[in-house]
Amino acid sequence: MHICLDVSPTAQKHAGLGRYAGEIARALSRHKSYLDLSLFYNRDGGAELPDYLHHLPYRTVNLGNKPWRMLVLLSRMTHWSMDKVFGAVDIFMLRITF
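Residues numbered from 1 in each chain as written. Predicted model: local features only at pLDDT ≥ 70, side-chain atom pairs only at ≥ 80, totals over all residues. Heavy atoms only, no water.

Our focus in this paragraph is the overall build of the protein. Across its full length, the protein carries four helices and four strands. Shown N-terminal to C-terminal, the secondary structure of the protein runs as helices and strands in the order β-α-α-β-β-α-α-β. The C-alpha radius of gyration computed for the protein amounts to 13 Å, which stays within 12% of the reference 13 Å derived for 98 residues, consistent with globular compactness. Viewed in the frame of its principal axes, the protein has a C-alpha envelope of about 35 × 30 × 20 Å. For the protein, buried positions account for 38% of its 98 residues. In the protein, of all internal contacts separated by at least 6 residues, the share reaching a separation of at least 24 is 59%. Only carbon and sulfur atoms are counted for the fraction: they give 57% of the accessible area of the protein, which is about 6,200 Å². Put simply, the protein has 12 plus and 8 minus side-chain charges, and the middle of one group is 4 Å from the middle of the other. (Helix = DSSP H or I, 4+ residues; strand = E, 2+ residues; numbered from the N terminus. Rg over C-alpha atoms; globule rule 2.2 N^0.38 Å. Buried < 20%, exposed > 50% of the residue type's maximum accessible area, 1.4 Å probe, protein only. Contact = heavy atoms within 4.5 Å. Areas by Shrake-Rupley, 256 points an atom, 1.4 Å probe, with all protein chains shown as cover. Lys, Arg positive; Asp, Glu negative; His and termini not counted. Charge placed at Lys NZ, Arg CZ, Asp CG, Glu CD.)

This is the structure in structure tokens:
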């Protein structure tokens, strides 16, 4: 099963959500025998993955947070597939708050 996890809060060093997303990624990465985990984050503002997540494959976009969130919302409303951004995944775990 391929899971793509949005770790933007972790890369952007947000305290609560950042730690939560990072710890989920760390826990899921321990199950590589049956999970194919990749990460996604928004590089806006020079965001970077912490060292403990660098070993995992990842994709990025370089948009402001609000334009990115609006794009995701629009894709949900129009049923436009985000596979072009993330590749084919079984589960995409995204944090979308305004």
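Bringing unusual backbone geometry into the picture now. Within the chain, K13 stands out as a residue other than glycine whose phi angle is a positive 60°. Considering the arrangement of structural elements, one finds K13 in the loop between helix 1 (8-11) and helix 2 (15-29).

Turning our eyes to something else, we now look at the side chain of T10. The topology assignment puts T10 in helix 1. Beyond its immediate chain neighbours, meaning those up to four positions away, T10 contacts G18, A21, G22, P50, Y52 and L53.

This paragraph deals with helix 2. One turn of the α-helix equals 3.6 residues, which is why residues spaced by three or four share an orientation. Taking 1.5 Å per residue as the helical rise, helix 2 with its 15 residues ought to reach 21 Å, and the 21 Å between its terminal C-alpha atoms agrees with that figure. Buried within helix 2 are the following residues: G18, A21, G22, A25, L28 and S29. Summarising the axial view, the buried residues of helix 2 lie within an arc of 130°, below the 170-degree limit, and thus occupy one face. Opposite the packed face of helix 2, turned more than 90 degrees from it, sit the exposed residues A15, G16, R19 and Y20. (Expected span 1.5 Å × (residues − 1). Arc of directions from axis to C-beta.)

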